[in-house]
4 protein chains.
Amino acid sequence: MAVDLTPGPVAAELARRTARFVRDTVVPVEEANGGVLRSDDERRELQAAARAAGVFAPHVASEFGGHGLDMRDRAFVFEEAGYSLLGPLALNCAAPDEGNMHMLEAIATPAQKEQYLRPLATGGTRSCFAMTEPAPGAGSDASALTTKAVRVPGGWRIDGHKWFITGADGAGFAIVMARTSGAPGEAGGATMFLVDAGNPGMKIVRHIETLDESLFGGHAEMVFDNCVVPDDAVLGEVDEGFAYARVRLGPARATHCMRWLGIARRAQDIAVRRASTRELFGSRLAELGMAQQMIADNEIDIAAAHGLILQACADLDLGGPSGHSTSIAKTFCAEAVWRVVDRSLQICGALGVSGDVLLGRFLREVRPFRIYDGPSETHRWTIARRVVRRLDAEDAR
Amino acid sequence: MAVDLTPGPVAAELARRTARFVRDTVVPVEEANGGVLRSDDERRELQAAARAAGVFAPHVASEFGGHGLDMRDRAFVFEEAGYSLLGPLALNCAAPDEGNMHMLEAIATPAQKEQYLRPLATGGTRSCFAMTEPAPGAGSDASALTTKAVRVPGGWRIDGHKWFITGADGAGFAIVMARTSGAPGEAGGATMFLVDAGNPGMKIVRHIETLDESLFGGHAEMVFDNCVVPDDAVLGEVDEGFAYARVRLGPARATHCMRWLGIARRAQDIAVRRASTRELFGSRLAELGMAQQMIADNEIDIAAAHGLILQACADLDLGGPSGHSTSIAKTFCAEAVWRVVDRSLQICGALGVSGDVLLGRFLREVRPFRIYDGPSETHRWTIARRVVRRLDAEDAR
Amino acid sequence: MAVDLTPGPVAAELARRTARFVRDTVVPVEEANGGVLRSDDERRELQAAARAAGVFAPHVASEFGGHGLDMRDRAFVFEEAGYSLLGPLALNCAAPDEGNMHMLEAIATPAQKEQYLRPLATGGTRSCFAMTEPAPGAGSDASALTTKAVRVPGGWRIDGHKWFITGADGAGFAIVMARTSGAPGEAGGATMFLVDAGNPGMKIVRHIETLDESLFGGHAEMVFDNCVVPDDAVLGEVDEGFAYARVRLGPARATHCMRWLGIARRAQDIAVRRASTRELFGSRLAELGMAQQMIADNEIDIAAAHGLILQACADLDLGGPSGHSTSIAKTFCAEAVWRVVDRSLQICGALGVSGDVLLGRFLREVRPFRIYDGPSETHRWTIARRVVRRLDAEDAR
Amino acid sequence: MAVDLTPGPVAAELARRTARFVRDTVVPVEEANGGVLRSDDERRELQAAARAAGVFAPHVASEFGGHGLDMRDRAFVFEEAGYSLLGPLALNCAAPDEGNMHMLEAIATPAQKEQYLRPLATGGTRSCFAMTEPAPGAGSDASALTTKAVRVPGGWRIDGHKWFITGADGAGFAIVMARTSGAPGEAGGATMFLVDAGNPGMKIVRHIETLDESLFGGHAEMVFDNCVVPDDAVLGEVDEGFAYARVRLGPARATHCMRWLGIARRAQDIAVRRASTRELFGSRLAELGMAQQMIADNEIDIAAAHGLILQACADLDLGGPSGHSTSIAKTFCAEAVWRVVDRSLQICGALGVSGDVLLGRFLREVRPFRIYDGPSETHRWTIARRVVRRLDAEDAR
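Because the structure is predicted, anything quoted here is derived from the model rather than measured. (Residues numbered from 1 in each chain as written. Chains lettered and ligands numbered in written order. Predicted model: local features only at pLDDT ≥ 70, side-chain atom pairs only at ≥ 80, totals over all residues.)

Enquirer: Got a minute to help me understand the overall build of chain A in this structure?
Expert: When helices and strands are tallied, chain A shows twelve helices and ten strands. The C-alpha atoms of chain A give 21 Å as radius of gyration, which agrees with the globular expectation for 397 residues (21 Å, within 12%). For chain A, the proportion of its 397 residues judged to be buried stands at 62%. Here the analysis covers contacts within chain A between residues at least 6 apart in sequence; of these, 73% occur between residues at least 24 apart. (Helix = DSSP H or I, 4+ residues; strand = E, 2+ residues; numbered from the N terminus. Rg over C-alpha atoms; globule rule 2.2 N^0.38 Å. Buried ≥ 20, exposed ≤ 12 C-beta atoms within 10 Å, placed from the backbone. Contact = placed C-beta atoms within 7 Å.)

Enquirer: Teacher, can you tell me more about the UniProt feature "domain: Acyl-CoA dehydrogenase/oxidase C-terminal" (unreviewed entry) in chain A here?
Expert: Per the UniProt entry, the sites bearing "domain: Acyl-CoA dehydrogenase/oxidase C-terminal" (unreviewed entry) are residues 239-387 of chain A in this numbering. For residues 239-387 of chain A, helix accounts for 79% and strand for 3%, while the C-alpha atoms at its two ends are 29 Å apart. (UniProt positions renumbered as here; feature names shortened; annotations may be inferred.)

Enquirer: Would you take a moment to explain unusual backbone geometry for this structure?
Expert: Across residues other than glycine, the phi torsion is negative in most instances, and most of the peptide bonds are trans. Residue and element names in this part refer to chain C. The residue after Ala-95, namely Pro-96, is reached through a cis peptide bond having omega 0°. Structurally, the position occupied by Pro-96 is in the loop between α4 (87-90) and α5 (97-107). Of the consecutive residues Ala-135 and Pro-136, the connecting peptide bond is found in the cis state with omega at 10°. Examined against the element boundaries, Pro-136 turns out to sit in the loop between β1 (127-130) and β2 (148-152).

Enquirer: In this structure, what is going on with the environment of Val-223 of chain D? I would like to understand it.
Expert: Residue and element names in this part refer to chain D. Tracing the backbone through its elements, the reader meets Val-223 in strand β7 (residues 219-230). The class of Val-223 is partly exposed, set by 17 C-beta atoms lying within 10 Å. Taking C-alpha positions, Val-223 is 35 Å from Val-341, a pair spaced 118 residues apart along the chain. Contact partners of Val-223, with chain neighbours within four places excluded, come to His-161, Lys-203 and Val-205.

Enquirer: I'm lost on helix α9 (residues 323-348) of chain C in this one. Help?
Expert: Because the α-helix completes a turn every 3.6 residues, residues three or four places apart line up on one side. Residues and elements named next belong to chain C. Spanning 26 residues, α9 covers 37 Å between terminal C-alpha atoms, matching the ideal 38 Å at 1.5 Å per step. Within α9, 22 of the 26 residues are buried, leaving the element largely enclosed by the surrounding structure. Of the residues trailing α9, Gly-349 is marked for its positive phi of about 60°. (Expected span 1.5 Å × (residues − 1).)

Enquirer: I'm lost on the domain arrangement of chain A in this one. Help?
Expert: Interface size is often expressed as the accessible area that is lost when the parts come together. All names here are of chain A. Domain parsing of chain A yields domain 1 (9-94), domain 2 (127-235) and domain 3 (242-396). Centre-to-centre separation of domain 1 and domain 2, based on C-alpha positions: 28 Å. Taken together, the contact pairs eight residues of domain 1 with four residues of domain 2. The class makeup of the residues in the side of domain 1 that touches domain 2 is five nonpolar, one polar and two charged. (Domains from an automatic or database assignment. Nonpolar A, V, L, I, M, F, W, Y, C, P; charged D, E, K, R; others polar.)

Enquirer: Help me understand the relation of the copies chain A and chain B in this model?
Expert: Each of the two chain copies goes to the other by way of a rotation about an axis and a shift along it. When chain A is fitted to chain B, the residual RMSD is 0.0 Å, and the transformation amounts to a turn of 180° plus an axial shift of 0.0 Å. Seen this way, the second copy is the image of the first under a two-fold rotation axis. Here 100% of the interface residues in chain A have copies in chain B that are interface residues too; the copies meet face to matching face. (Least-squares fit on C-alpha atoms with pLDDT ≥ 70 in both.)

Enquirer: When you look at the relation of the copies chain C and chain D in this model, what are you seeing that I'm missing?
Expert: Mapping chain C onto chain D leaves a residual RMSD of 0.0 Å; the transformation is a rotation of 180° accompanied by 0.0 Å of translation along its axis. Here 100% of the contact residues of chain C are again contact residues in chain D; the copies associate through an equivalent surface.

Enquirer: What am I meant to see in the interface of chain A and chain B here?
Expert: In this assembly, 38 residues from chain A lie in contact with 38 residues from chain B. Only α7 (241-277), α8 (289-318), α9 (323-348) and α12 (376-396) of chain A provide two or more residues apiece to the side of chain A that touches chain B. Here the side of chain A that touches chain B takes 15 residues from α8 of chain A, the largest share from any one element. Residue classes in the side of chain A that touches chain B are distributed as 23 nonpolar, seven polar and eight charged.

Enquirer: Is there a simple way to explain the interface of chain C and chain D in this structure?
Expert: Chain C puts 38 residues into the contact, and the matching count from chain D is 38 residues. Counting only elements with at least two residues in the side of chain C that touches chain D, the list comes to α7 (241-277), α8 (289-318), α9 and α12 (376-396) of chain C. No other element matches the 15 residues that α8 of chain C contributes to the side of chain C that touches chain D. Looking at the side of chain C that touches chain D residue by residue, the classes come out as 23 nonpolar, seven polar and eight charged.

This is how it looks when you write it as structure tokens:
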């Protein structure tokens, strides 16, 4: 009898190896660095170790050197990778590269795949995804896109202003979203461009200081000023950018959830270990009811988040509509992970806010997840509208 | 590619038929009766209709006239049955009969199956499960069991006091849990007995008035006073009652969740239909942000509950340990269903508290689910303890 | 040193007497009747007892036989009265009469006061306030008022449809809100009318079945069909009805909070007594952490609600703007009282949902308070808008 | 008519001046420094400005140069001071100095007041309060105190280990809590000692890295190793330290709440300003229901927190038991302030997690308040126990 809420045998073994690798190899590096890695050499070292452990690039097609897992199987492996802030980087499945690989696999030309996907998949380079703009540009509302690309002889000229571009600093190339028709507020007409680092029209104007700090390369504010690219820099079709963004965002949403759920599991383990050994008022902390309630609520949140991720993966793997289930998973996971880290920190008391454990760091890292990739409110808005439409459609039958 | 978060084809079709049957046939009866059925004739009529519709007894083995669904498949069908308060009764999969059938299938002798399971499975009779006792007896803490059974020539004599015995009034027989060794507070030594209605030693002393009223037959307080039963009234082995109770409780916990999740879906549909048509402050209610938030939170709660039910079912179907996942599912579902009904009522405003819709009734019916079958606090306590033990065990390796 | 978060000496003594009276005299009647009184004789009996105990009509001016307490002092007395579902009725300070007395004192002519206020204040009669209409009429949005009054020779003719008119059945008169100018959706132009019971144009068409049942006289659906009243039936000025409604609603909102906070205190006492005596898993329930958390959260909610009531009373007594603080108090109290009753019931387990204690009854009674008198969402909307305007105004300075 | 939920005229004027001063003078310094001041010169400059603005030392007796406000009046002024992370430092009413001044005023000898209180009150020096110890020492459970003081000729010798000693670095003196009789786990027998900076037996062994960073001087880990002090270093009576700690903690708890509530007001203002100007999906963000709900919930939390602070202040000013109301205020405020900052950040979206506004900083600063000064769980435990005892006492009468 097959009950496929469990991973297939290959993924199960890969998840086990990943768990071992992350605990033995990644966590020590993470703890020594307070969760934030800044040197590219250290990144390469971690990735070499992952390759040696046979856990590198679980999501990448085998022709590009990966394990070729489908979404459901990724859930089990990525949750293990996410057990450390640096685990996804080590396995080369961190944001934004992982989502970019996914999209390049889906829509790049063979030549683009060789030029961009292969070095990215092997860790030879990094990338960024330049979509978000400062208000009143594209943010929660993607259709507000203001960056423009216009045709010039032999290519395109991109002009615009982007911010919160994760990993831009040090990236070998950027995938840039620019409007090629229509006006801000209108859906139609965005195109994606591959822009190489070093293009004189693409500039990082500052590193945005943020509550979170562990995403490699940080978050940049960028200006595209007379940024000219050749025709073959177009990724996919002209004017199809919004559709491609959804191609990228659905799976990326699910994999964000997987990675952050790993941190929730880690936080819970730190708190439970503390509660198991700390004596208070004559009891083990783990035997006091209010601590037990927090531990149980963590466990429930983690299990529920995992279940929602699997449901989203099922929709993604089956290839049908997945916007509803990925929005639901993203909204719940972002808030559940936040609650779990917050409770775990509370269980640890003053130790929890100290740098002696990483819970304060985790709290900082997971808070933005309720905003990045669509704030919870935007997702709730789309969820509610879909529910209303679905019932209207049912009633019309 | 098989992603088994979806039902098998047989169950999918049965779920569709059940949905149709409940909406077309059961809901009108439910609405006409305010959600509470009191006449056994009406029960038989509904069950006849279910049989005619080919949806009767989805959980029962085919040799006893059912569809023989495993737990995972039940999830899809029972959630549809639960869309009406009377749906599970119509399909003969309501508590406590459904759980009793499950247990009889698992541990009764062939003769006991013919005598008790067959008429129960076909709707010819009803049953009850007499375990819970008033404080300080067996409640959240099963080991506090005080009802005693002692050997007498040719059988046993049972003496004790039970309450909250659902469906006792009108039941053809009771499965009675009594202590056969050890003292209250000690685990070992309970036995289950089959006691026929009409046994002069088994008396219903009152109907307990409760917030909920839709479980057929209500909740009785019972006294066992010199209640003598023959040797073959023993169900399973002597002194193995606590283990059997767990056999019953795991699946019963999951099926409670399925049924009540159906009511949550129904509440959401009522609220969304109202929000779609009600104009307020110049907008459709369904377009106001606070209503959208409630609708989205309902949808998230429903999806998360469904995911946890499936995870519990996977454990139950695979036959491994399932106490953890069923406790998690039960705790989350009981609270999620409560939240969904509460928000749905709020969306409907004054209409929501009126008898013109059934939301006030649903609120009354689902509230006790956070207490029946183990209060949330007891489940959280066991969940936390398992988490601590699991981590201790991992660390010991 | 004067810290006037405590009641004045007169009110303190009255609060003590009220507490004694409610516990000794009202609670036994309430428990014997399951919290719901239906006979007018019993109402008169309770009120006679309150008069004998010197606690009758704490809010009424002394010239009409009351104690003349200001809002702040009322808080302390009404919270004690509300300790039983029947306490406010006994003291003649229940909704809707108490709010009607308040408004009549404020705007009625001397003749109207003699004819309507005096018998109402002394318990000789009861009244109702006919404002709310079924959708799409006046509800959350008062300006949607559709009931119309037009001038006829010597008076007015009222036509319209009302529902959720509390206490209408058996009331000696109704205060009816009708549109006298403008159209639904426009603010201006409502007038209040005093309509005597027996007016052939005023009919109760049904009792609305509701989740709550303890407000004396229930909630009626009424039709005004060619309901003719004389000129002196106008209460206050023509077209000033919306302003008067606010006169009534501000204090009524605060006194609702006081009364329901009394029930929260009662629920907490019931739960704490149970937790003090119930043994579970070898401890007193009151010593288990999760129960302690619920008890503490109840206590915090009760204290916070009390503080918000006092702040609203301060604004009301000082005569300045009070809409913000009464909205805040109402929103918080309605939800806090609900949480307190819900937790108290949970602490009591199966007993809590049984009719052996009144917690299930309380749960049913307090749920609608989150909807009646403006749903929480409407209040939140007005609160948010005031906050934005306040900051805009500050920034403009 | 006096409704003393409003400040007296002197305090009202001082609160207005403080509000002006903080907005005009302190906030610019705060924003330029990211909320964290590290230089003592800058501290002295800010304090000089506060003195010039006539708002320095609102809580200090006039003989020591302050405004001599009672607790209730402090609430209004401290909430304004707390509007900036640096406001309390500027007014010399920040933790831990403010609490130390309070205690010195209450129990120091005249000579000790001249030597320690006067320079502290005027900002000439800073101080720290060395009570908390790493596990298993004094933390949530004060009676676990392990640091010991034993008599030596002419004085005492203190040995022990402390951590989370706020402001220790750069402090002119420490008030040190040490056990002078009894054993860890027993209540009786702590004494407070005044230890001058420079005492060779008192060493800061490290700065503890913490999530929060704005408390001036940070949090130190300290070792007392053969730390000898003279007899007149004893503060108050020998063995009365636990009682004095309560003298300090009650008011300190309330003033913590006031200060942090100021930050909640600030966060709300930042968010509301953003919501007023940000356009999203064709509306002002401030007109979208989910944003309005967050704004309203912030407002409700702020008002409820303020009311609880006033109730605690009333108890403190009246001199009766205040442990219950200060625990309630502390627990609610710590969580409410956290919720307000969290919602405010959410309203601001990506901007909210960036360093361009201080909300991420505020989030980091307020999180530990749910742990410092007794974690919420410890307070809930004491609150619940008091509720049980109070009802037991009532029932015994």
